[in-house]
Amino acid sequence: ALYMAKRNKTERKQFWKSFQGEEILAENSSTAYSRLIEQTGGLIPYFQPILDLQTGHIIGIEALARLQHEGEIHLPDTFIPHLNRKTMQMLTTRMLENACQVALKLQNAGYPLEVAVNIPPDTLLEKGFLQELQAILKKAELAPEYLTLEILENGDFLSLPLAREKIAIIRSMGVRIALDDVGSAYASLLRLKEIAVDEVKLDQSLVRGIPERPTDLVFVGSVAALAMAMGSRYIVEGAETPEILDALAVLGVDCAQGYAIAQPMPANELLPWLQNWKPQPQHNQPKTLLGA
Ligand code: C2E
Ligand code: MG
Ligand code: MG
Ligand code: MG
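Described below are features of the structure shown in this document. All of these numbers come straight from a predicted model, not from anything done at the bench.

1. Brief notes about the pairing of strand S5 (residues 114-119)
1) Next: Of all 6 residues that make up S5, 5 are buried, and the element is covered over most of its length.
2) Next: Both strand S2 (residues 58-64) and S5 contribute to a ladder of 4 bridges, which runs parallel. Residue pairing across strands places Gly-60 opposite Glu-114, the latter belonging to S5.
3) Next: With 5 bridges connecting them, S5 and strand S6 (residues 147-152) associate as parallel partners. Paired with Ala-116 across the bridge in S6 is Thr-148.

2. Section: the site of ligand 1
1) Next: Neighbouring ligand 1 are 23 residues; Arg-66, Asn-118, Gln-204, Glu-240 and Tyr-259 lie closest to it.
2) Next: Contact distances for ligand 1 include 3.4 Å between an oxygen atom and a side-chain N or O atom of Glu-237.
3) Next: Within the backbone of Tyr-259, a nitrogen or oxygen atom sits 2.8 Å from an oxygen atom of ligand 1.
4) Next: Here ligand 1 loses 85% of its free accessible area of 800 Å² to cover by the protein chains.
5) Next: If you map ligand 1 onto the pockets, it falls in the largest pocket.

3. Observations regarding the side chain of Glu-199
1) Next: Along the polypeptide, Glu-199 turns up in strand S8 (residues 199-202).
2) Next: By relative accessible area, which is 3% here, Glu-199 ends up buried.
3) Next: Once residues within four sequence positions are removed from consideration, Glu-199 is found in contact with Glu-114, Thr-148, Arg-176, Ile-177, Ala-178, Leu-179, Ser-232, Arg-233 and Ile-235.

4. Notes on the layout of surface pockets
1) Next: The space that makes up the largest pocket amounts to roughly 1800 Å³.
2) Next: In this structure, the largest pocket is lined by 47 residues; those nearest its centre are Pro-76, Asp-77, Ile-80, Leu-152 and Asp-181.
3) Next: When residues of the lining of the largest pocket are traced back to their parent elements, those giving at least two are helix H2 (9-20), S2, helix H4 (76-79), helix H5 (85-108), S5, helix H6 (121-125), S6 and strand S7 (176-182).
4) Next: For the lining of the largest pocket, a count of residues per class yields 22 nonpolar, 13 polar and 12 charged.

5. Observations regarding the coordination of the magnesium ion (ligand 2)
1) Next: Within the protein, the atoms that donate to the magnesium ion (ligand 2) are Glu-62 (OE), Asn-118 (OD1), Glu-150 (OE) and Asp-180 (OD), at distances of 2.0 to 2.3 Å.
2) Next: Each donor residue of the magnesium ion (ligand 2) lies on the same chain, and together they follow the pattern E-x55-N-x31-E-x29-D.
3) Next: Note on Asn-118: relative accessible area 29%, which makes it partly exposed.

6. Topic: the coordination of the magnesium ion (ligand 3)
1) Next: At the metal site, the magnesium ion (ligand 3) is ligated by Asp-180 (OD), Asp-181 (OD), Glu-237 (OE) and Glu-237 (OE), and these contacts range over 2.0 to 2.5 Å.
2) Next: Each donor residue of the magnesium ion (ligand 3) lies on the same chain, and together they follow the pattern D-D-x55-E.
3) Next: The metal-metal distance between the magnesium ion (ligand 3) and the magnesium ion (ligand 2) comes to 3.8 Å, with Asp-180 coordinating both. Remark: Glu-237 occurs in strand S9 (residues 233-237) and Asp-181 occurs in strand S7; sequence separation between them is 56 residues.

7. Looking at the side chain of Thr-87
1) Next: Looking at the element boundaries, Thr-87 is found in helix H5.
2) Next: Look at Thr-87 and you get buried, because its relative accessible area is 4%.
3) Next: Beyond its immediate sequence surroundings of up to four residues, Thr-87 is in contact with Ser-30, Tyr-33, Ser-34 and Ile-37.

Rules used in this analysis
- Residues numbered from 1 in each chain as written.
- Chains lettered and ligands numbered in written order.
- Predicted model: local features only at pLDDT ≥ 70, side-chain atom pairs only at ≥ 80, totals over all residues.
- Heavy atoms only, no water.
- Buried < 20%, exposed > 50% of the residue type's maximum accessible area, 1.4 Å probe, protein only.
- Helix = DSSP H or I, 4+ residues; strand = E, 2+ residues; numbered from the N terminus.
- Pairing = 2+ DSSP bridges.
- Near = heavy atom within 4 Å.
- Polar contact = N/O pair within 3.5 Å; in protein donor to acceptor, adjacent residues only side chain to side chain.
- Areas by Shrake-Rupley, 256 points an atom, 1.4 Å probe, with all protein chains shown as cover.
- 1 Å grid on protein atoms, 1.4 Å probe; cavity = no way out; pocket = protein on both sides within 12 Å on 5 of 7 lines; lining within 4 Å.
- Sits in = over half its atoms within 2 Å of the grid points.
- Contact = heavy atoms within 4.5 Å.
- Points joined across faces, edges and corners; volume = space filled by probe spheres on them.
- Nonpolar A, V, L, I, M, F, W, Y, C, P; charged D, E, K, R; others polar.
- Donors = N, O, S within 2.8 Å, 3.2 Å for Na, K, Ca; no water.

Encoded structure:
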């Protein structure tokens, strides 16, 4: 922060540009992005499987936005920072619609998986959001239990009474709520004990040190205990190796998501991937890495 404060405006802009990656569109306006998102083949939702560590079965998928432009696939970090509020809302609507359709198709093919969609905090607070959500579920004919909304605790968002109210209403509709990126700079661990949610998703930065670093193990295990006490499902993101999956299972983590299981993939690759998946329980004997 101190370093940035000393720089002039142009340098700051360049710094953030390099940090966020190349801009996709030369005409860098939210309107241009919104055109791209609307156009067929512009927005391409990808999906990443979520593994139940105790049974070895895939229980869900997370929808992750991708933009295709001039034959290249771009990651959210390169375009989400450029979107204004309205375009963000459009992206969310399209992701929700698409995710529900994909979940229904998988159900009909014999894979009743939950689907998770990332919802920006201010979209959640939008006046018409609950009605829109209901309309999307109805149109897709998807039972609400199959949809999870992932919410990033953005600063003090979850301390807002309105945010808590909306979350309670959404849960009473039967839609699941997940707290995303818990343990990252934004998502405060303290919120966990204040608000009831269906799922807690641990940020991937906290998994990097596993299995070597004892403090990371203790942290992941402590959040497991907290999530269990709160009655929430506990998902750890960024599981990149089989060793991490083993360690997570031993620590009592419910579910994992990461490259060790699968990379995010386009919808048409999901079914063949699922058909190929061999359920592999990560451990059979309860043991502990912490004690002994
Ligand atoms: P997130 O919701 O925490 O999603 C998990 C991110 O971790 C994804 O990045 C995923 O590709 C990546 N990831 C999964 N497994 C691994 C792993 O083993 N190692 C590593 N290093 N990374 C892994 P992605 O798709 O680039 O998305 C980044 C973030 O952008 C998401 O983080 C989410 O906050 C946001 N995002 C993505 N799609 C949407 C969307 O449709 N709407 C909104 N509002 N935000 C989105
Ligand atoms: Mg997420
Ligand atoms: Mg996350
Ligand atoms: Mg994240």
